[in-house]
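As a plain string of letters, each chain reads:
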Amino acid sequence: HHIVEVRNLRHVYPDGTVALRDVSFRITHGESVAIIGANGAGKSTLLLHLNGFLTPTAGEIRIGDYPLTKATLPEIRRTVGMVFQDPDDQLFMPTVYDDVAFGPLNLGLSGTDVEQRVKDALEKVGAGHLQEKPPYNLSGGEKKRVAIATVLSMSPDILVMDEPTDGLDPHARRQLMALLREFSHTRIFTSHDLDMVLELCSRVIILHEGEVRGDGPPLEIFRND
Ligand code: ADP
Ligand code: ADP
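Looking at an unreviewed UniProt entry, one finds the chain named ABC transporter ATP-binding protein and attributed to Geomobilimonas luticola. In its Sequence similarities (unreviewed entry) section, the UniProt record describing the chain reads: "Belongs to the ABC transporter superfamily." UniProt, in its Function (unreviewed entry) section for the chain, records the words "Part of an ABC transporter complex. Responsible for energy coupling to the transport system."

### Structural notes on a nonpolar patch on the surface
On the surface, L194, L198 and L219 cluster together into a nonpolar patch covering about 320 Å² of accessible area. With a relative accessible area of 44%, L194 lands in the partly exposed category.

### Section: the site of ligand 2
Contacts to ligand 2 come from Y13, D15, T17, A19, A38, N39, G40, A41, G42, K43, S44 and T45. The separation between an oxygen atom of ligand 2 and a polar main-chain atom of G40 is 2.7 Å. Isolated, ligand 2 exposes 560 Å² of accessible area, and the fraction of that covered by the protein chains is 62%. Here the shell around ligand 2 gets 3 residues from one element, more than from any other, and that element is helix 1 (residues 43-50).

### Concerning the site of ligand 1
The environment of ligand 1 is made up of N39, S44 and Q85. Interatomic distance of 3.0 Å between a side-chain N/O atom of S44 and an oxygen atom of ligand 1. Between ligand 1 and Q85 there is a distance of 3.2 Å, counted from an oxygen atom to a side-chain nitrogen or oxygen. In isolation ligand 1 exposes 550 Å². Once the protein is present, 30% of that is buried.

### Details of the side chain of S153
One can find S153 in the loop between helix 5 (140-152) and strand 7 (158-162). On the basis of relative accessible area, S153 is assigned to the buried category, the value being 1%. At 2.9 Å, the side chain of S153 forms a polar contact with the backbone oxygen of V100.

### Some thoughts on the pairing of strand 3 (residues 32-36)
Remember that side chains alternate between the two faces of the sheet whenever the strand is regular. Counting buried positions along strand 3 gives 5 out of 5 residues, so the element sits mostly inside the fold. Where burial is concerned, the two faces of strand 3 agree: the one with S32, A34 and I36 and the one with V33 and I35 are both buried. For strand 3 and strand 8 (residues 186-190), the ladder comprises 4 bridges, and the chain directions are parallel. Residue pairing for strand 8: A34 is matched across the bridge by F189. Where strand 3 and strand 9 (residues 203-208) come together, 4 bridges link them in parallel fashion. Directly across from I36, in strand 9, lies its bridge partner I206.

The rules behind these values
Residues numbered from 1 in each chain as written. Chains lettered and ligands numbered in written order. Predicted model: local features only at pLDDT ≥ 70, side-chain atom pairs only at ≥ 80, totals over all residues. Heavy atoms only, no water. UniProt positions renumbered as here; feature names shortened; annotations may be inferred. Patch = residues over 30% accessible without salt bridge, like charges linked within 9 Å, V, L, I, M, F, W, Y side chains within 5 Å. Areas by Shrake-Rupley, 256 points an atom, 1.4 Å probe, with all protein chains shown as cover. Salt bridge = Lys/Arg side-chain N within 4 Å of Asp/Glu carboxyl O. Buried < 20%, exposed > 50% of the residue type's maximum accessible area, 1.4 Å probe, protein only. Near = heavy atom within 4 Å. Polar contact = N/O pair within 3.5 Å; in protein donor to acceptor, adjacent residues only side chain to side chain. Helix = DSSP H or I, 4+ residues; strand = E, 2+ residues; numbered from the N terminus. Pairing = 2+ DSSP bridges.

Here's what the structure looks like:
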């Protein structure tokens with residue numbers, strides 16, 4: 001059974017740029033998938049469709065049992081946790097605690113459940129000590145980890161990340177990889193970090209000028225022949 005299905009997805013931006021031409025693939029529950037390709041290939045555009053931040057020009061997206069539509073969007077936002085490339089797009093509350101609590105509060109969880117979710121998520125990313133700080137004062141790596149915690153606190157079935165190791169120092173990068181390895185649900189991310197792709201992904205999808213150019217296990221995709 002497929003948890004993500006993208007069928008003949010096309011996206012044309014208002015200025016006429018065709019970012020995705022005709023993209024199709026299906027992802028099974030528990031798969032770890034890297035979307036790779038040159039700058040401008042359409043990776044970010046693709047990810048932004050997976051929880052409805054962008055609307056297809058043509059084609060269809062299904063998440064679990066639901067087609068992605070306006071009506072199913074709230075359900076889909078609970079299922080798909082999206083970590084943006086730039087953590088500043090994700091952090092907007094006065095403190096780290098408030099940012100990580102925002103999602104669970106929206107889910108309508110009780111006060112003690114929210115506190116527990118925040119504590120667990122911040123601990124997982126090694127940012128428990130930052131909870132009283134204003135996010136805008138944090139370093140790039142700290143912001144990234146907190147941005148990930150804001151998504152983990154929602155317990156999503158699918159974790160979607162745009163360039164998760166971008167801007168991280170080697171220590172923070174290793175910490176993040178360990179964290180992602182433990183996340184047993186479905187993972188989909190874009191990356192220029194080949195080591196991370198090889199270590200964490202069971203599957204690689206190559207995008208080229210808005211089309212799928214390759215789809216398979218990393219060793220098959222990166223074979224030199
Ligand atoms: P990345 O390639 O690391 O995902 P971005 O998604 O930020 O980087 O940008 C990808 C490409 O899209 C870049 O070439 C950028 O100049 C272009 N781009 C981003 N936003 C716009 C926009 N509003 N109009 C036109 N081009 C854009
Ligand atoms: P990638 O993430 O692989 O770098 P993007 O999805 O960011 O690719 O961009 C795909 C194409 O869409 C590029 O040609 C880029 O310049 C263009 N693009 C991205 N964002 C916008 C935007 N907001 N308006 C117009 N064109 C955009």
